[in-house]
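Structural overview
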Amino acid sequence: MANITAKDVNELRKMTGVGMMDCKKALVEADGDVEKAIVLLREKGLATQAKKAGRVAAEGVVLAVVNADSTVGAVVEVNIETDFAANNENFRKFVADVANTVIEQDPADLDALNACTISGGTATVAEGLQELFLTIRENMKIRRFARITGDAVVPYVHQGGQAGVLVSAKTEAGAAPAVCEALKDCTFQVAAMHPEYLVPADVPAEIIEEEKKLIIGQMNEDPKMASKPEQVKAKIAEGKLGKYYSEHCLVEQTFVKDNSMTIKQYVDAKAKEAGAAIEITGFVCFELGEGIEKKADNFADEVASMIG
């Protein structure tokens, strides 16, 4: 039987990032063969990862980044079980690498992203996630991503990864300071006011019809309005849709930093400063854990797995 020293264990730990006790057990089982020990650690890690795959991962990081010339942006959400692990340096680097992979390789969906060679590395994104599990030992999942392009794209990350926003624009001024300032303020607007659409034309027809019915229903409850002809009420309802647009469409919303103007008016003012028209062309906003049903039983699951 090979003589396993503390130095051997420490070297294996440095190579794999796995805890000391697991490294020692793997070296003992591999009779001191380092390469075999690494294989054993990986096999055991993947088995443990499979066991934990059903556990809720609602913490994590949302990251929004852009490329060097601010023409392509990506926002990704990667989930993990605990907020403590979400602050792990290796976890955050992995999230950044995934975001850059989206920018560089433009994957069509999550399956394609997992098959991509990770930015700055040689392994696939899926393999990188598996390797990371060996050191963190929590269920992790790349939940979603988005990629947008434009003459200028600006990112915003809220509270260290609780939300991520991208806003893009069409402009001959490119990523000029005035353009970037306008788009940065738009990212704050999106994070604060949660618009669902960019412009009124983006609102689905069925949503507009439902809103009109709601407005007409309110008029029918008003004795002064109920007796008016239906076509008149329909026209009034059409005119009142502006309120809906001002609440749900980004460019029609009141600017949170200056309620004397709309976002469109603010962007137009910044366009004069930039010396070129600025047209907001898209936005995306991810909030961490949005729509995930969080459970309080992960710790109980952990204890059960330890004793059972």
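Residues numbered from 1 in each chain as written. Predicted model: local features only at pLDDT ≥ 70, side-chain atom pairs only at ≥ 80, totals over all residues. Heavy atoms only, no water.

Quick look at the sheet that holds strand β5 (residues 163-170) now. Pairing is antiparallel in the open sheet, where 3 strands are placed in the order β4-β5-β6. In this open sheet, the two strands that pair with only one neighbour each are β4 (152-158) and β6 (279-287). The sheet shows a mean angle of 15° between the axes of neighbouring strands, taken without regard to direction. Sitting on the sheet, helix α8 (residues 177-193) touches β4, β5 and β6, and the angle it makes with β4 is about 40°. (Pairing = 2+ DSSP bridges. Helix = DSSP H or I, 4+ residues; strand = E, 2+ residues; numbered from the N terminus. Axes fitted to C-alpha atoms, helices over the stretch in contact; angles between N-to-C directions. Contact = heavy atoms within 4.5 Å.)

This next bit is on the pattern of salt bridges. One pass over the full model with this rule turns up 13 salt bridges. Residue Asp-106 is joined to Arg-147 by a salt bridge in which the shortest nitrogen-to-oxygen separation is 3.6 Å. Within this pair, whereas Asp-106 is found in the loop between α5 (89-105) and α6 (110-115), its partner Arg-147 is found in strand β3 (residues 140-149), the two being separated by 41 residues in sequence. Since its relative accessible area comes to 46%, Asp-106 is described here as partly exposed. Residue classification places Arg-147 among the partly exposed positions, given a relative accessible area of 28%. One salt-bridge network, in which partners are shared between bridges, spans Glu-77, Arg-143, Arg-144 and Glu-290. (Salt bridge = Lys/Arg side-chain N within 4 Å of Asp/Glu carboxyl O. Buried < 20%, exposed > 50% of the residue type's maximum accessible area, 1.4 Å probe, protein only.)

Taking 1.5 Å of rise per residue, the 12 residues of helix α12 (residues 263-274) would be expected to cover 16 Å, and the 16 Å separating its terminal C-alpha atoms lies within 8% of that figure. Those residues of α12 that sit buried are Ile-263, Tyr-266, Val-267, Lys-270 and Ala-271. Seen end-on, α12 carries its buried residues on one side only, within an arc spanning 145°. Those residues of α12 that are buried lie in contact with α8 and β6. (Expected span 1.5 Å × (residues − 1). Arc of directions from axis to C-beta.)

The next subject is the sheet that holds strand β2 (residues 72-80). Taken together, the 3 strands give an open sheet; going across it, the order is β1-β2-β3, and neighbouring strands pair in antiparallel fashion. Looking at strand neighbours, the two that pair on one side only are β1 (59-66) and β3, the edges of this open sheet. Strand after strand, the sheet turns through a mean of 10° between neighbouring axes, direction not considered. Bridge count for β1 against β2 is 8 bridges, and the pairing is antiparallel. The residue bridging Val-61 from the neighbouring strand is Val-78, located in β2. Sitting on the sheet, helix α7 (residues 125-136) is in contact with β2 and β3, with an inclination near 140° to β3.

Taking 1.5 Å of rise per residue, 12 residues should cover 16 Å, and α7 covers 16 Å from first to last C-alpha, within 8% of that figure. All of the buried residues along α7 are Val-125, Gly-128, Leu-129, Leu-132, Phe-133, Leu-134 and Ile-136. At the C-terminal side of α7, Arg-137 shows a positive phi close to 60°.

Such coordinate-based values are descriptive only and should not be taken to indicate function.
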